[in-house]
Amino acid sequence: MQTVLSINGISKSYGRIQALKQVSFDVPKGSVFGILGPNGSGKTTMLGIVLDVLQANSGGFTWFGQPSSADTRKKIGSLLETSNFYHYLSAVDNLHITQAISGRGTAADIDVALEIVKLTERKKSKFNTYSLGMKQRLAIGAALLGNPEVLVFDEPTNGLDPVGIAEIRELIKELAKQGKTIIMASHLLDEVEKVCTHVAILKRGELITAGAVDEVLKNEDIVEVGAADM
Ligand code: ATP
């Protein structure tokens, strides 16, 4: 089994708040890997560190067995970078701008990305006519530019209505079928059970456990530890 991301003893504090305490886990290639935990457990902090937006105080991580670099970053798409769309421009124009600014992929990737996120028919509609679910699908389309091997999503279904939630979950499963590795933060146990193959459970910055979903979540003690707040 190949490892895409290896996290080794990461700790991170914001002043006196310790957001992550010596967290280690590995993300296998081809997995849909959930980082599960209640609000404030350190999920966003962990994603920020592995995307080089934040710096850990100690510990480290490798992508594809290498230190993070421009080369490794090219293989990673994320929603954190791409949520600023122009409201009065069409979806396709927004992706052209994202592509030009980020330098990820080429203009030819844009129609492919729109097709994958099922927005081809609405690609000429202005962004401000989109539902929240469509906006989120467009953000995922932007993350797909350059055909990255890994996608990192922070709570991708947050704030969506039930239809939007179902569509995003389905899209994540389809991307996994196409061979992408997906790393997603979630505070919903039910979502991780439905969508993810693997999970790391965080509570108050500590790793409770990590592994295959069917192994980890059949352990009732562990589910109870988390379920009290999730
Ligand atoms: P949420 O789902 O609410 O985003 P989370 O699991 O992603 O939660 P983090 O956002 O990583 O958790 O926060 C972990 C802890 O660090 C929390 O106690 C939070 O209040 C604190 N924290 C996060 N960012 C900052 C910051 N910039 N300054 C100070 N404290 C912070």
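Residues numbered from 1 in each chain as written. Predicted model: local features only at pLDDT ≥ 70, side-chain atom pairs only at ≥ 80, totals over all residues. Heavy atoms only, no water.

Under an unreviewed UniProt entry, the chain has the name ABC transporter related protein and belongs to Russula earlei.

Novice: I would appreciate a short explanation of the side chain of lysine 123 in the present structure.
Specialist: By the element assignment, lysine 123 lies in the loop between helix 4 (108-116) and helix 5 (132-144). At 3.2 Å, the side chain of lysine 123 and the side chain of aspartate 111 are in polar contact. In this structure, lysine 123 is in contact with Ser90, Ala91, Val92, Asp111, Leu114 and Tyr130, ignoring residues within four places of it in sequence. (Helix = DSSP H or I, 4+ residues; strand = E, 2+ residues; numbered from the N terminus. Polar contact = N/O pair within 3.5 Å; in protein donor to acceptor, adjacent residues only side chain to side chain. Contact = heavy atoms within 4.5 Å.)

Novice: What exactly am I supposed to notice about the nonpolar core here?
Specialist: Burial of nonpolar side chains together is a common tendency in soluble globular proteins. Counting residues in hydrophobic clusters, the biggest one holds 42 residues, and the most contacted among them are Val32, Leu138, Ile140, Phe153, Ile172 and Ile182. Counting residues per element, this core draws most heavily on helix 5, which supplies seven residues. Setting aside residues no more than four positions away along its own chain, isoleucine 172 makes contact with Val32, Phe153, Pro156, Ile182, Met184 and Val195. Residues Val4, Ile7, Met46 and Ile76 belong to the second largest nonpolar core, which totals 25 residues. (Core = buried A, V, L, I, M, F, W, Y, C linked by side-chain atoms within 4.5 Å. Buried < 20%, exposed > 50% of the residue type's maximum accessible area, 1.4 Å probe, protein only.)

Novice: Honestly, the pairing of strand 1 (residues 3-14) in this entry has me stumped. Any pointers?
Specialist: Pairing analysis gives eight bridges linking strand 1 to strand 2 (residues 17-28), with the strands arranged antiparallel. In the sheet register, serine 6 faces strand 2, and the bridge partner there is aspartate 26. Between strand 1 and strand 2, which pair antiparallel one after the other, the connecting turn spans two residues, and glycine 15 there sits at a positive phi close to 55°. Pairing analysis gives five bridges linking strand 1 to strand 4 (residues 58-63), with the strands arranged antiparallel. Its bridge partner being in strand 4, serine 6 is matched across the sheet by threonine 62. (Pairing = 2+ DSSP bridges.)

Novice: Quick question: what am I supposed to make of the packing of helix 5 against helix 6 (residues 162-177) here?
Specialist: The packing of two helices is summarised by the inter-axis angle and the distance between the axes. Interhelical geometry of helix 5 versus helix 6 gives an angle of 20° and a closest axis separation of 9 Å. Put simply, helix 5 runs roughly parallel to helix 6. Between helix 5 and helix 6 lies a crossing whose hand is right-handed. Residues Gly133, Gln136, Arg137, Ile140 and Leu144 of helix 5 form the contact with helix 6, whose participating residues are Gly164, Glu167, Ile168, Leu171 and Leu175. Taken together, the residues of the contact of helix 5 with helix 6 break down into five nonpolar, three polar and two charged. (Axes fitted to C-alpha atoms, helices over the stretch in contact; angles between N-to-C directions. Parallel < 35°, antiparallel > 145°, perpendicular 65-115°, else oblique. Left-handed = near helix turned anticlockwise from the far one by under 90°. Nonpolar A, V, L, I, M, F, W, Y, C, P; charged D, E, K, R; others polar.)

Novice: Can you walk me through empty space enclosed by the protein in this structure?
Specialist: If you roll a probe as big as a water molecule over the atoms, it shows you where there is empty space left. Per the counting criterion, the structure on display carries one cavity of 30 Å³ or more. The volume enclosed by the largest cavity comes to roughly 40 Å³. Around the largest cavity, the lining residues are Glu155, Pro156, Thr157, Asn158, Ala185, Ser186, His187, Leu188 and Glu191. Among the residues forming the lining of the largest cavity, the class breakdown is three nonpolar, four polar and two charged. (1 Å grid on protein atoms, 1.4 Å probe; cavity = no way out; pocket = protein on both sides within 12 Å on 5 of 7 lines; lining within 4 Å. Points joined across faces, edges and corners; volume = space filled by probe spheres on them.)

Novice: Would you mind showing me how to read the side chain of glutamine 99 here?
Specialist: For glutamine 99, the position within the fold is in helix 3 (residues 91-102). Reaching out from glutamine 99, the side chain makes a polar contact with the backbone oxygen of arginine 104 at a distance of 3.4 Å. Residues within four places of glutamine 99 in sequence aside, it is in contact with Arg104, Gly105, Thr106, Ala107, Ile110 and Leu145.

Novice: Whenever I open this one, the packing of aromatic side chains confuses me. Can you help?
Specialist: Note on aromatic pairs: each is described by the distance of the centres and the angle between the planes. Evaluated as defined, the whole model comprises four aromatic pairs. Pairing phenylalanine 25 with phenylalanine 33 gives two aromatic rings, centres 5.3 Å apart and planes at 10°, and the pair type is stacked. Taking the relative accessible area as the measure of exposure, phenylalanine 33 reaches 1% and is therefore buried. Taken together, a centroid distance of 5.2 Å and an interplanar angle of 50° make the contact between phenylalanine 85 and phenylalanine 127 tilted. A residue pair is termed long-range when its members are at least 10 positions apart, and phenylalanine 85 in the loop between strand 5 (76-78) and helix 3 and phenylalanine 127 in the loop between helix 4 and helix 5 qualify at 42 residues. The burial state of phenylalanine 85 is the same as that of phenylalanine 127; both residues are buried. Members of the aromatic cluster, connected to one another through ring pairs, are Phe85, Phe127 and Tyr130. Above the face of the tyrosine 14 ring, lysine 12 is positioned so that its terminal group lies 5.4 Å from the ring centre. Just above the ring of phenylalanine 64 sits the side chain of lysine 75; from NZ or CZ to the centre is 4.7 Å. (Phe/Tyr/Trp six-rings, centres within 6.5 Å; stacked < 30°, edge-to-face > 60°. Lys NZ or Arg CZ within 6 Å of the ring centre and 35° of its normal.)

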